[in-house]
Amino acid sequence: MSFFISNAYAQSNPLEALGGGGGFLGQYGFLILMFVAMYFLMIRPQQKRAKEQKAMMEALTKGAEVVTAGGVLGKITKISDAYVTLEISSGAELVVQKNSITMVLPNGTLKGL
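Conventions adopted
- Residues numbered from 1 in each chain as written.
- Predicted model: local features only at pLDDT ≥ 70, side-chain atom pairs only at ≥ 80, totals over all residues.
- Heavy atoms only, no water.
- Core = buried A, V, L, I, M, F, W, Y, C linked by side-chain atoms within 4.5 Å.
- Buried < 20%, exposed > 50% of the residue type's maximum accessible area, 1.4 Å probe, protein only.
- Helix = DSSP H or I, 4+ residues; strand = E, 2+ residues; numbered from the N terminus.
- Contact = heavy atoms within 4.5 Å.
- Pairing = 2+ DSSP bridges.
- Axes fitted to C-alpha atoms, helices over the stretch in contact; angles between N-to-C directions.
- Lys, Arg positive; Asp, Glu negative; His and termini not counted.
- Salt bridge = Lys/Arg side-chain N within 4 Å of Asp/Glu carboxyl O.
- Polar contact = N/O pair within 3.5 Å; in protein donor to acceptor, adjacent residues only side chain to side chain.

> If you had to explain the nonpolar core to someone new, which residues and values would you point to?
Grouped burial of nonpolar side chains is what soluble globular proteins tend to show. Counting 10 residues, the largest nonpolar core is built from Met-56, Met-57, Leu-60, Ala-64, Val-66, Ile-76, Val-84, Leu-86, Val-96 and Ile-101. Looking at this core, the elements with two or more residues in it are helix 2 (23-58) and strand 3 (83-89). What Val-96 contacts, discounting residues up to four positions off in sequence, is Thr-68, Ala-82, Tyr-83, Val-84 and Leu-86.

> Help me get a handle on the sheet that holds strand 3, residues and values and all.
Taken in spatial order, the five strands make up an open sheet running 4-3-2-1-5, and their pairing is antiparallel. Of all the strands in the sheet, the pair left with one neighbour each is strand 4 (92-97) and strand 5 (101-105). Averaged over all neighbouring strand pairs, the angle between strand axes comes to 45°, with direction disregarded. Pairing between strand 3 and strand 4: six bridges, direction antiparallel. Along strand 4, the bridge assignment pairs Tyr-83 with Gln-97.

> Pulling in residues and values, what's your account of the side chain of Thr-77?
In this fold, Thr-77 is placed in strand 2 (residues 73-79). Thr-77 gets classed as buried once you look at its relative accessible area, which sits at 16%. Not counting residues within four places of it along the chain, the set of residues in contact with Thr-77 comprises Lys-62, Thr-85, Leu-86, Glu-87 and Glu-93.

> Run through the side chain of Glu-65, naming residues and quoting values.
Its place among the elements puts Glu-65 in strand 1 (residues 65-68). One buried charge, Glu-65, has no salt-bridge partner; the nearest side chain with opposite charge is Lys-75, at 4.5 Å. There is a polar contact of 3.0 Å between the side chain of Glu-65 and the backbone nitrogen of Thr-109. Ignoring any residue separated from it by four or fewer positions in sequence, one finds Glu-65 in contact with Gly-74, Lys-75, Met-103, Val-104, Leu-105, Pro-106, Asn-107, Gly-108, Thr-109 and Leu-110.

> If you had to explain the pairing of strand 3 to someone new, which residues and values would you point to?
Alignment of strand 2 against strand 3, held across four bridges, turns out to be antiparallel. Considered in strand 3, the bridge of Lys-75 is made with Glu-87. Linkage of strand 2 to strand 3, two consecutive antiparallel strands, is achieved through a turn of three residues. Between strand 3 and strand 4, which pair antiparallel in sequence order, lie two residues; one of them, Gly-91, sits at a positive phi of approximately 90°.

Take a look at the structure:
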């Protein structure tokens, strides 16, 4: 009865059985390709955004109209190293952290709202 079943033998290298060969590039090429793709799709754009945010923070001036991370719109009245004072309406001022500013608006935007 056992003449229908063939003997199975273990193979020494499973990659050779699939025709993958071996070598450094065959074994680690996919891993290297994933790291390169992750760098160009995730790390590099994040570094670019951080660089743009830092340049915007350094370019803040008194009188600029800005939007905070919480959605508050205001005009800068005072700037220190870590904090910015915003005039959100006539006579009402708000002190926020400098890094919470997300966008600088064109001058005159607040009057149009």
